[in-house]
Amino acid sequence: MLKPLNERVIVQVKEEAEEKTPSGIVLPSSAKEKPQIGEVVAVSDATEDFVPSVHVGDNVLFEKFAGNEVTFEGEKYLILKEKDIAAVVE
């Protein structure tokens, strides 16, 4: 399991369905914008200076180019700083 450190959150990115242009051209994943919503799967521990405001299981909306994508045990995750999370989706 991945454990985030230093005010970071690990998010499992929600994959989007294959996209097509109006003329029917299928866009490869490299041409699409990065998804901006995901589910929190891990949060770094609280410290004197940091109290997490998101929790495991929260669906969050994050900045478009935030974080680093990683693949761990065949799953795609995004490691980002909590400050790059814009909102919790309820």
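Positions within a chain are numbered from 1, following the residues in the order the chain's sequence is written. Restriction of local features to residues with pLDDT of at least 70 applies here, the model being predicted, together with a cutoff of 80 or more for giving and counting side-chain atom pairs; totals for whole chains, interfaces and linings are based on all residues. Values shown for side chains rest on all heavy atoms present in the structure; no hydrogens or waters enter the calculation.

Description of the pattern of salt bridges
Right, so step 1: Any carboxyl oxygen of Asp or Glu within 4 Å of a side-chain nitrogen of Lys or Arg constitutes a salt bridge here. Within this structure, the stated rule accounts for one salt bridge.
Right, so step 2: The partner of K3 in a salt bridge is D45, with the nearest N and O atoms 3.1 Å apart. With K3 in the segment before strand 1 (8-13) and D45 in the loop between strand 2 (37-43) and strand 3 (59-62), this pair connects stretches of sequence that are 42 residues apart. Side by side, K3 and D45 carry an identical accessibility label, which is exposed. Numbering of helices and strands runs from the N terminus; a helix is a DSSP stretch of H or I covering at least four residues, while a strand is a stretch of E covering at least two. Working definition: with a 1.4 Å probe on protein chains only, accessible area under 20% of the residue-type maximum means buried, over 50% means exposed, and in between means partly exposed.

Details of the environment of F65
Right, so step 1: In this structure, F65 sits in the loop between strand 3 and strand 4 (68-72).
Right, so step 2: According to the relative accessible area criterion, F65 is exposed, its value standing at 72%.

Observations concerning the nonpolar core
Right, so step 1: Residues grouped as a nonpolar core are buried Ala, Val, Leu, Ile, Met, Phe, Trp, Tyr and Cys residues, joined through side-chain atoms within 4.5 Å. The biggest cluster of nonpolar side chains holds eleven residues, and these are V9, V11, V13, V40, V43, V54, V60, F62, L78, L80 and I85.
Right, so step 2: It is strand 1 that contributes the most residues to this core, three residues altogether.
Right, so step 3: Aside from chain neighbours lying at most four places away, what touches L80 is E7, R8, V9, V11, F62, G67 and I85. By definition, residues are in contact when any of their heavy atoms lie within 4.5 Å.

Thoughts on the confidence of the model for the chain
Right, so step 1: Looking at the chain, pLDDT values average 84 and 81% of them are 70 or higher.
Right, so step 2: Looking at the elements of the chain, mean pLDDT is at its lowest for strand 6 (residues 85-89), recorded as 91, and at its highest for strand 2, recorded as 94. pLDDT runs from 0 to 100 and stands for how confident the predictor is about each residue.

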